[in-house]
Each structure stands twice: as structure tokens, then as C-alpha cells.
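What follows is each chain in one-letter form.
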Amino acid sequence: MTIRAYDSNYLSKASRALGAMLHDAVYQFGMDGGTFLDLFIQSGVAEAFESGSPKYIAGKSGLELYLEVMERTTGRGVQAQAEESYERSDAYWVGWMLAHYQWYSGHSFRSILDTVPYDELAGLYGTLHEADIQKAYEVMDTHFSQSMCALKAARKRAGLTQEELSERSGVSLSALRAYERRGKDLSRAQAETVLRLANALKCEIPDILD
């Protein structure tokens, strides 16, 4: 059973704030959604949501979250005013749904986005934005069940994050993410790369090859 970081009473506020945050990033400030979500994770704000920090799940608007992410990751403040209203965009829905699925599943935002990147999530908007949230949960669960490659499963068993495995193995984080998403075929990688990963995970080479 998933142990959730905060009570469901906070979920509506948290999901609206993340939706507004991502909408502002994409449509008010012209950022690529995937790029901004990477900054969201790097900033530590994502972790604050994952741990159920009241300051973040119930205390900040979407614009305030956007501004904090940018200040933490760039070291520069951004001058901005909140829009009074806007249409519920695809970016809003992605942020809203991410908050719901993270709460429901217990997966980290990084794990979710490693499995289903922003562009793919935005592509689900047309078919899911008017459906019950349970349908989105089912779709996301299917992605997770289908995407657990051998390398990712071995990393999970070892209790390592992608960043930790990258550091221990010397394999770049971008390459590691590509292998776990099956964007690159690990079985075709240099033997030294595969060996480094297996050694870092303390397992045999066949344990990380699909």
C-alpha cells in the first residue's frame, strides 16, 4: 500500500498550484515545459511537494512557485505579475495531473518524468483532460508497468537514484536516463559502460540487460 505524504484534503490546492506554475512557465514566460520541470526538480521544490511540506502544498500560488524555482536555479529574481485568469491549458493539465499522480503513486516527480516525459504527458491532454482522474492513474500505471527495464529494476533494488548510480558508475546521467527509457539500447553500449553499471549495482551483467 502506498503511504502518501499528505492528506487528500490538500491535494486540490497542491494540484491547482502546480498546474498554474507550469502554465505560467510555458505560456506566460515562454519556457519549454520539460526544461522547466527539470528546473522544478533541481530546485528542491519538487521534493518539498513529495514530502508534503505545508508551505508548498498549501501556502504558495502557481506564480510564487514558478518564481521560487527560477530564483533557486538561476540565482536571479524574475519580475512578474499574476494573470487574473486563463484557460485551462495543456500545460496546466500536465502540472495538475502530475501533482495528483505523484500523490497517488508515491513515485518521485523525477521518476514519473523519466517514465513519461513532458511532451508525452501533454499529448495525453486531448483524451484525458475531461476524464475522471482515475483514468489518468490507470494510463500512468500502465506506462510504469511497461517501462520498468532491467537496468531500472536493478537500480530500484539497489536503492539508488539515477544521480547516485551515475556518480558511482561514471556513466553520464543523460546516458543513464536514455538507457532506462530505452531511448538507447544498453546491450549495444560499450562493454566498459555495461560493466561499470553492473559493478556499481553489485549485480551480474545479464541482470541489467533486457
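In this text, all values refer to a predicted model and were calculated from it rather than measured experimentally.

**Brief notes about the overall build of the chain**
Scanning the chain from N- to C-terminus turns up 14 helices and zero strands. Reading the helices (α) and strands (β) of the chain from amino to carboxyl end gives α-α-α-α-α-α-α-α-α-α-α-α-α-α. Considered along the principal axes of its C-alpha atoms, the chain spans approximately 55 × 40 × 30 Å. Expressed as a percentage of its 210 residues, the buried residues of the chain come to 48%. Accessible area for the chain stands at about 11,000 Å²; split by element, carbon and sulfur atoms hold 46% of it. Computed over 22 positive and 29 negative side-chain charges, the inter-centroid distance for the chain is 5 Å.

**Section: the packing of aromatic side chains**
Scanning all chains against the criterion turns up eight aromatic pairs. Measuring from centroid to centroid gives 5.3 Å for Phe-40 and Phe-109, while their planes differ by 70°, and the two rings are edge-to-face. On the criterion of sequence distance, the pair formed by Phe-40 in helix 2 (residues 33-42) and Phe-109 in helix 7 (residues 109-115) is long-range, its members being 69 residues apart. Relative accessible area serves as the criterion here: at 2%, Phe-40 is assigned to the buried category. With a relative accessible area of 1%, Phe-109 lands in the buried category.

**Some points on the layout of surface pockets**
For the largest pocket, the calculated volume is near 380 Å³. Together, 17 residues line the largest pocket, and Ile-41, Ser-108, Arg-110, Thr-161 and Glu-163 are the ones closest to its centre. At the level of elements, helix 2, helix 3 (45-50), helix 7, helix 11 (150-158) and helix 12 (162-169) are the ones that each hand at least two residues to the lining of the largest pocket. With four residues, helix 7 is the single largest residue contributor to the lining of the largest pocket.

**Describing helix 1 (residues 11-28)**
Over its 18 residues, helix 1 runs 24 Å from end to end, which matches the ideal 26 Å to within 8%, given 1.5 Å per residue. Buried residues dominate helix 1, accounting for 13 of its 18 residues.

Conventions we followed
Residues numbered from 1 in each chain as written. Predicted model: local features only at pLDDT ≥ 70, side-chain atom pairs only at ≥ 80, totals over all residues. Heavy atoms only, no water. Helix = DSSP H or I, 4+ residues; strand = E, 2+ residues; numbered from the N terminus. Buried < 20%, exposed > 50% of the residue type's maximum accessible area, 1.4 Å probe, protein only. Areas by Shrake-Rupley, 256 points an atom, 1.4 Å probe, with all protein chains shown as cover. Lys, Arg positive; Asp, Glu negative; His and termini not counted. Charge placed at Lys NZ, Arg CZ, Asp CG, Glu CD. Phe/Tyr/Trp six-rings, centres within 6.5 Å; stacked < 30°, edge-to-face > 60°. 1 Å grid on protein atoms, 1.4 Å probe; cavity = no way out; pocket = protein on both sides within 12 Å on 5 of 7 lines; lining within 4 Å. Points joined across faces, edges and corners; volume = space filled by probe spheres on them. Expected span 1.5 Å × (residues − 1).

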